[in-house]
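# Survey of secondary and tertiary structure
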Amino acid sequence: MTVSRTICLGFLATIAIGTILLMLPISTNEGTWNNPIVAVFTATSAVCVTGLVVVDTGSYYSGLGQFFILLMIQIGGLGYMTATSFLLILLGRKFRLRDKVALQQSFDKPGMAGVAQLIRSIIAATLIIEISGAILMMPLFAPEYGNISGLWLSIFHSISAFNNAGFSIFADSLVQYARSPLMNIVITLLVIFGGIGYDAIMEMYFWVRDRLKGRTERGVFSLHFKMATSTTLFLLIMGTIVFFSTELYNPNTLGTWSFGEKLLGAWFQSVTTRTAGFNTIDLGQMTAAGLLVTIVFMFVGASSGSTGGGIKTTTVRVLFNATKAVLQGRDRVLCYNRQIPMELVLKAIGVVVTYLAVAIASTIALCITDPNLTLVQILFEVVSAIATVGLSMGITASFSTLGQLVLIITMYVGRVGALLLVNAILGDPKPTIIRYPEEELLVG
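Notes on the structure follow.

What counts and how
Residues numbered from 1 in each chain as written. Predicted model: local features only at pLDDT ≥ 70, side-chain atom pairs only at ≥ 80, totals over all residues. Heavy atoms only, no water. Phe/Tyr/Trp six-rings, centres within 6.5 Å; stacked < 30°, edge-to-face > 60°. Helix = DSSP H or I, 4+ residues; strand = E, 2+ residues; numbered from the N terminus. Buried < 20%, exposed > 50% of the residue type's maximum accessible area, 1.4 Å probe, protein only. Disulfide = S-S within 2.5 Å. Patch = residues over 30% accessible without salt bridge, like charges linked within 9 Å, V, L, I, M, F, W, Y side chains within 5 Å. Areas by Shrake-Rupley, 256 points an atom, 1.4 Å probe, with all protein chains shown as cover. Salt bridge = Lys/Arg side-chain N within 4 Å of Asp/Glu carboxyl O. Expected span 1.5 Å × (residues − 1). Axes fitted to C-alpha atoms, helices over the stretch in contact; angles between N-to-C directions. Parallel < 35°, antiparallel > 145°, perpendicular 65-115°, else oblique. Contact = heavy atoms within 4.5 Å. Nonpolar A, V, L, I, M, F, W, Y, C, P; charged D, E, K, R; others polar. Left-handed = near helix turned anticlockwise from the far one by under 90°. Core = buried A, V, L, I, M, F, W, Y, C linked by side-chain atoms within 4.5 Å.

In this section: the packing of aromatic side chains. Under the definition given, this model contains 14 aromatic pairs. Where Y145 meets F170, the ring centres are 6.0 Å apart and the plane angle is 40°; that geometry is what we call tilted. Separated by 25 residues along the polypeptide, Y145 in helix α7 (residues 115-145) and F170 in the loop between α8 (147-162) and α9 (181-196) bring together distant segments of the chain. A residue is classified by how much of its surface remains accessible, and Y145, at 32% relative accessible area, is partly exposed. With 5.6 Å between their ring centres and 35° between their planes, W207 and F221 make a pair best called tilted. Taken together, the positions of W207 in helix α10 (residues 198-212) and F221 in the loop between α10 and α11 (223-246) put the pair 14 residues apart, joining distant regions of the chain.

In structure tokens:
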């Protein structure tokens, strides 16, 4: 039982338990047994923090059913290894060597020291951010829905936003709050913090703490922090500009809004497109250019080590710098005066190729199972599923049963990672001392 197999089977087990819970009569508003396909689709979407739904979460599921969904979102956002490790800490059990090795590999850390403290820090940061988000949204929901319902709405959307899940209790997601500055700011901040990754959050926290205490030892950020934050900032700014430009005169999206509201709507779309899954405009009415940009941004996704999906911002940055090195005639990939190991470049290539392969295979399968839908609609849905985004053109419920099963598999592959799934199936590579001779060939 390798680490990759443990993670893959752990997610499957969580999805199975969630499906059983959502099938119970207590989980539906009608008090009847839930449709198995609907239950497994919702459970997979929640555990994989995707947000695609085939039924309206707020009206179809009871309060207890919504709580089950929220619990699955939290487990899926933290990750199977983090959630189970936290459970071990609560039970007072000590980490075995195997547990430490598994966590070290799942977090991609160079050493095994301080694993328990790392888990505590992740849980603490998660709770602090999610509670802060819920408190900030209370003034928006409490006056309209009352204190109890307002509190539940605030907690649900705060957890869903930070974990980049995109689940909403409202039938139209957040369209009714499209012009609310408070909602736009709070949700986007939660999404950004969740999508930047725990490593970046903790590194920034320690840097601020040391500066407040007058310490200057921690003056240099890691390469991962620099690449993740700079690439994220670039994508957020570019996304805002592009969405503002493509939807500026579209009367079905931002065309009738004021200048400030258009800018706010474009900013929200830029943030949520990269794995959050909330929407404040009707995506089905976007321009062709806007849809294409959305698909590209969804495929890129969030940063490594975060609650978001996609091929990750650091992967894109590594490939960009590798291309830059080729164009400049260099044989080394550099970034911020650091050389990137060739193993990471090969891994980045592997991630992109496997994600593209799964996306193409899923698109072809859905074109066969649901020929009544257009290629753009299917491609949008597939990329949203594999990147665990959750955005939809409003056609998710229109897919056939076979089509929904294809989306379920696609969401699962996108959450555990295509490379990790292949490694779980094939097993760890066997060491070898054989080296083969090099030979030139034509490329490009």
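The structure having been displayed, the exposition proceeds.
Let us look at the state of the cysteines. Inspection of every chain in the model, using the stated rule, returns zero disulfides. Note on C48: no disulfide assigned, nearest cysteine sulfur contributed by C8 at a separation of 11 Å.

A grouping of L233, F234, I237, M238 and I241 is seen on the molecular surface, where their side chains present a nonpolar patch of about 480 Å² in accessible area. Its place among the elements puts I241 in helix α11. Classification of I241 as partly exposed rests on a relative accessible area of 46%.

Okay, helix α1 (residues 3-23) next. Its 21 residues give α1 an end-to-end C-alpha distance of 30 Å, which sits within 8% of 30 Å, the value for a rise of 1.5 Å per residue. Within α1, burial applies to V3, S4, I7, C8, G10, F11, T14, I15, G18, T19 and L22.

Another point: the packing of helix α15 (residues 342-369) against helix α17 (residues 401-416). Where α15 meets α17, the axes come as close as 9 Å, and the angle between the chain directions of the two elements is 170°. By the angle between their directions, the pair α15 and α17 is classed as roughly antiparallel. Across from Y355, V358, S362, A365, L366 and T369 in α15, the residues of α17 making contact are L402, G403, V406, L407, T410, V413 and G414. Within the contact of α15 with α17, the residues separate by chemical class into eight nonpolar, five polar and no charged.

Let us now look at the packing of α11 against helix α13 (residues 288-300). One way to put it is that α11 packs onto α13 with a least axis distance of 9 Å and a crossing angle of 160°. Considering the angle they form, α11 stands roughly antiparallel to α13. At the point where α11 passes α13, the crossing takes the left-handed sense. Counting all contacts with α11, which are made through L235, G239, V242, F243 and T246, the residues of α13 involved are A289, G290, V293, T294, F297 and V300. Each residue belonging to the contact of α11 with α13 can be placed in one class, and the counts come to seven nonpolar, four polar and no charged.

Formed by 104 residues in total, the largest nonpolar core has its most connected members in L22, I69, I73, F141, M183, I187 and F380. Not counting residues up to four positions away in its chain, the partners in contact with F141 are G146, G150, L153, S154, H157, F170, Y177 and M183. Ranked by size, the runner-up nonpolar core spans eight residues in total, among them V333, C335, I340 and A348.

The tally for this structure, following the rule as stated, stands at two salt bridges. Two residues, E261 and R179, come together in a salt bridge whose shortest N-O distance is 3.3 Å. Residue E261 is located in helix α12 (residues 259-273), and its partner R179 is located in the loop between α8 and α9; the two are separated by 82 residues in the primary sequence. According to the relative accessible area criterion, E261 is partly exposed, its value standing at 24%. A relative accessible area of 43% means that R179 is categorised as partly exposed. In this structure, R209 engages D210 in a salt bridge whose closest nitrogen and oxygen atoms are separated by 3.6 Å. Residue classification places R209 among the partly exposed positions, given a relative accessible area of 25%. Look at D210 and you get buried, because its relative accessible area is 5%.

Scope: geometric values only; no functional claims are made or implied.
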